[in-house]
Amino acid sequence: GFLTAGISVEPLEFQPYGDGRQVVDVVVTVREGGQSLIGDLEIRSDLQDSSKFLEITGLREGDPYVPEAVQKAREDILTWLSSTGYLYAEVALSEQERRGEDIVDLVFSVEEGPQVKLGRIIVTGNENVKSEIIRLALDLDEGEILTLEKILNAQERVYDLGVMNSVEAELVDPGNPAQRKDLIVTVSERFRYVVGFKVGYGSEDKARGEAAVTHRNVGGMARSLTLKARKSAIESRTSLLYRHPWFSSRPIDFSASLSDVVEERDTYSRDAYSASLDFTRKMSRRTEVGLGYVFEGLRLFDVSPGAQLSPDDEGKTDVAAMIWEIIYDSRDDILDPWSGLLADFRLEAASRGLGSAAEYLKYELASHHYISLGKETVLAGLLRLGYAAPYGQSEEVIISKRFFLGGQNSVRGFALDGLGPKDAEGDPIGGDLMVNANVEIRFPLVRTFRGVCFLDSGSVWFRRGGEGFHLRSSMGAGLRWSSPIGPLSLDYGYQINPDPEDTDDRYRWHLSIGHAF
């Protein structure tokens, strides 16, 4: 509010310093002058209560007069009017300084114009995608009040169908104010068929490859059908996935899948075919809930004798479960986040009433937090908690549903699944309780390379009997390269407090595509 403030710098005089250099004293004089205050504050409107606008601006008579704050108040009024359907509103600002006084009178003159309601929706540019699914995704009703936020969100929902290159939604004849406006939606479609190949390498699953073919627009309703095959040193998987983004004409994402997988681990191997049904609905821009059912025809073999805690741990066992999930995601980037939070709570319940031979309850909670520290530096943290318990006729949790920790994506420096209880041969047998906490700082090095320093910790143990809680930790550093396919990661982890009975090295290198978390 000091509008007449001034700054002056006294003339510079250099003085000898003794070693040939010269020094100079700089004196800066600040003259604040008188502080200008807001005098009369008036808001003129024919339709709205002026007290509402005063609340929006946050200005009060007698407050310091700050031009930037006054302009922001004007913009806040326009934003609120736009959010209530007054898309053609105008706000004129008059500022009058009183002669001989440090007081400025303010007058906001508001012209709301018409409150705009939706007329017709005109869809153009689509050739193979039916207008019906586009209108469903828009989720706008004729006669409802239009706001800029509604138009942008509708445009984003159409794009999220996954069949569009571009989506543009705008009012017809936008320069002409009217109480009823038609909305024209212009789309550009993607190719209906896509074939993809992926190759990669990880220190744990070694060389891996994936091939997939997708029909993006089955029946012209943005439904997709994907056939995928994946192979690595520890897993072979083939799957067929069907997805319907607007199930039963509602904003519910439905998917059904069939898959066959063969997995080889140190303690056990599994051969399983499965069928699943999943329903997901977005509750808000950042929150979604899911409900699913999965049936797995499971055959366990090559199970370490010390890992067999129940009859279900060897041979053929059918597993059928209901899955509930809540996800909150405010990350600014999915592949390489710099800020935001990803929280996921998942409950899995298997029972004989669902067709399962093994009965258990499994709870999992994961929270990823990313904080930007400026200068391309990010502080990332992860906390995971897990609890599994048998019930009914099952005495122990089946081995394929227990928790395992260790490796690139949990506690670096340790072997894959290397934490927690082990059998007489030294092979991990998992546990029914799990905690995992990681923190790392990511910082720039040169060009597209970034460095990482991390501290990981975790424990896996059994509720009763067996080996109890022992928190193992590691620390280390790594290198990230921002490649066109995502960040490539190379990490070196050193075990701070290894298992005394573990004969492996206390350090381990980890190479993969993507961040550890």
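Residues numbered from 1 in each chain as written. Predicted model: local features only at pLDDT ≥ 70, side-chain atom pairs only at ≥ 80, totals over all residues. Heavy atoms only, no water.

A few words now on the overall build of the protein. When you go through the protein residue by residue, the secondary structure sums to four helices and 26 strands. Over its C-alpha atoms the protein spans a radius of gyration of 31 Å, topping by over 25% the 24 Å that the globule rule assigns to 517 residues. Projected onto its principal axes, the C-alpha coordinates of the protein cover approximately 95 × 85 × 40 Å. Expressed as a percentage of contacts within the protein between residues at least 6 apart in sequence, the contacts between residues at least 24 apart total 56%. Looking at the protein as shown, the accessible area adds up to about 27,800 Å², and 53% of this sits on carbon and sulfur atoms. Between the centroid of the 57 positive side chains of the protein and the centroid of its 81 negative side chains there is a distance of 5 Å. (Helix = DSSP H or I, 4+ residues; strand = E, 2+ residues; numbered from the N terminus. Rg over C-alpha atoms; globule rule 2.2 N^0.38 Å. Contact = heavy atoms within 4.5 Å. Areas by Shrake-Rupley, 256 points an atom, 1.4 Å probe, with all protein chains shown as cover. Lys, Arg positive; Asp, Glu negative; His and termini not counted. Charge placed at Lys NZ, Arg CZ, Asp CG, Glu CD.)

Under the criterion given, the structure shown has 32 salt bridges. Where Asp253 meets Arg243, a salt bridge forms, and the shortest distance between an N and an O atom there is 2.8 Å. Residue Asp253 is found in strand β15 (residues 252-264), and its partner Arg243 is found in strand β14 (residues 235-244); the two are separated by ten residues along the sequence. Between Glu440 and Arg412 there is a salt bridge, and its shortest N-O distance comes to 3.0 Å. In this pair, Glu440 is assigned in strand β22 (residues 433-446) and Arg412 in the loop between β21 (377-390) and β22, connecting sequence segments 28 residues apart. Each of the two residues, Glu440 as well as Arg412, counts as buried. Shared partners join several salt bridges into a network, and the residues in it are Glu263, Arg265, Arg270, Glu296, Glu325, Arg346, Glu348, Lys401 and Asp417. (Salt bridge = Lys/Arg side-chain N within 4 Å of Asp/Glu carboxyl O. Buried < 20%, exposed > 50% of the residue type's maximum accessible area, 1.4 Å probe, protein only.)

To continue, consider the layout of surface pockets. Of the pockets and cavities examined, the second largest pocket occupies roughly 1,400 Å³. In terms of lining residues, the second largest pocket is bounded by 35 residues, among which Glu156, Asp160, Arg243, Lys282 and Glu288 are the most central. At the level of elements, α4 (148-159), β12 (206-218), β13 (223-231), β14, β15, β16 (269-282), β17 (287-301) and β18 (315-329) are the ones that each hand at least two residues to the lining of the second largest pocket. For the lining of the second largest pocket, the residue count by class is twelve nonpolar, nine polar and 14 charged. (1 Å grid on protein atoms, 1.4 Å probe; cavity = no way out; pocket = protein on both sides within 12 Å on 5 of 7 lines; lining within 4 Å. Points joined across faces, edges and corners; volume = space filled by probe spheres on them. Nonpolar A, V, L, I, M, F, W, Y, C, P; charged D, E, K, R; others polar.)

Below, the discussion takes up the environment of Ala92. Within the element layout of this structure, Ala92 appears in strand β6 (residues 90-97). Assessed through its relative accessible area of 44%, Ala92 is described here as partly exposed. Spatially, the C-alpha atoms of Ala92 and Asn153 are 29 Å apart, while their sequence positions differ by 61 residues.

Looking now at the packing of aromatic side chains. Throughout the structure, instances matching the rule amount to ten aromatic pairs. With a centroid separation of 6.4 Å and 40 degrees between ring planes, the pair formed by Tyr268 and Phe404 is classed as tilted. Here Phe404 lies in the loop between β21 and β22 and Tyr268 lies in the loop between β15 and β16, a separation of 136 residues in the sequence. Its relative accessible area of 15% is what places Phe404 among the buried residues. Consider the rings of Phe449 and Trp481, whose centres lie 6.3 Å apart with planes at 20 degrees: the pair is stacked. Of the two residues, Phe449 sits in strand β23 (residues 449-461) while Trp481 sits in strand β24 (residues 472-483), which places them 32 residues apart along the sequence. Owing to a relative accessible area of 34%, Trp481 belongs among the partly exposed residues under this scheme. The structure contains a cluster of three or more aromatic residues connected by ring pairs, namely Phe247, Phe254 and Phe279. A cation sits over an aromatic face here: Arg265 above Phe404, 5.1 Å from the ring centre. Sitting over the ring of Trp338, Arg450 keeps its end group 4.4 Å from the ring centre. (Phe/Tyr/Trp six-rings, centres within 6.5 Å; stacked < 30°, edge-to-face > 60°. Lys NZ or Arg CZ within 6 Å of the ring centre and 35° of its normal.)

Let's shift gears to helix α2 (residues 67-83). Over its 17 residues, α2 extends 25 Å from the first C-alpha to the last, a length consistent with the 24 Å expected when each residue adds 1.5 Å. Taken residue by residue, α2 has Val70, Ala73, Ile77, Leu81 and Ser82 as its buried positions. For α2, the elements touching its buried residues are α1 (50-57), β6, β7 (103-111) and α4. At the C-terminal side of α2, Gly85 shows a positive phi close to 100 degrees. (Expected span 1.5 Å × (residues − 1).)

This next bit is on the sheet that holds β6. Strand order in the open sheet made by the three strands is β5-β7-β6, with mixed pairing throughout. Sheet topology places β5 (37-45) and β6 at the edges, where each strand pairs with a single neighbour. Across this sheet, the average inter-strand angle for adjacent strands is 15 degrees, counted without regard to direction. In this fold α1 packs onto β5 and β7, with an angle of close to 135 degrees to the strand it touches most, β5. In this fold α2 packs onto β6 and β7, with an angle of close to 160 degrees to the strand it touches most, β6. (Pairing = 2+ DSSP bridges. Axes fitted to C-alpha atoms, helices over the stretch in contact; angles between N-to-C directions.)

Overall, mixed pairing links the three strands, which are arranged β8-β10-β9 in an open sheet. Two strands in the sheet have a free side with no partner beyond their single neighbour: β8 (117-124) and β9 (164-171). Averaged over all neighbouring strand pairs, the angle between strand axes comes to 20 degrees, with direction disregarded. Bridging between β9 and strand β10 (residues 180-189) involves seven bridges; their strand directions are antiparallel. Looking at the pairing, Glu168 lines up with Thr186 of β10. Contacting β8, β9 and β10, helix α3 (residues 131-138) runs over the sheet at an angle of about 145 degrees to β8.

On a regular strand, each side chain points to the face opposite its neighbour's, so the side chains alternate between the two faces of the sheet. Because side chains alternate across β10, one face comprises the buried residues Lys181, Leu183, Val185, Val187 and Glu189, and the other comprises Arg180, Asp182, Ile184, Thr186 and Ser188, none of which is buried. Pairing of β8 with β10 involves six bridges; the strand directions are parallel. Looking at β10, one finds that Val123 is bridged to Val185.

For the rest of this paragraph, the subject is the nonpolar core. Ile133, Ile134, Val158, Leu161, Met164, Leu183 and Val185 are the most contacted members of the largest nonpolar core, which has 27 residues in total. At the level of secondary structure, the elements contributing two or more residues to this core comprise β8, α3, α4, β9 and β10. Beyond its immediate sequence surroundings of up to four residues, Met164 is in contact with Val129, Ile134, Val158, Tyr159, Val187, Ser188, Glu189 and Arg190. (Core = buried A, V, L, I, M, F, W, Y, C linked by side-chain atoms within 4.5 Å.)

This next bit is on the packing of α1 against α2. Two quantities define a packed helix pair, namely the angle between the helix axes and the distance between the axes. Relative to each other, α1 and α2 sit at 120 degrees, their axes nearing to 9 Å. In terms of their interaxial angle, α1 and α2 are classed as oblique. Crossing geometry of α1 relative to α2 is assigned as right-handed. Residues Lys52, Phe53, Ile56 and Thr57 of α1 form the contact with α2, whose own contacting residues are Ala73, Asp76, Ile77, Trp80 and Leu81. Here the contact of α1 with α2 is composed, by residue class, of six nonpolar, one polar and two charged. (Parallel < 35°, antiparallel > 145°, perpendicular 65-115°, else oblique. Left-handed = near helix turned anticlockwise from the far one by under 90°.)

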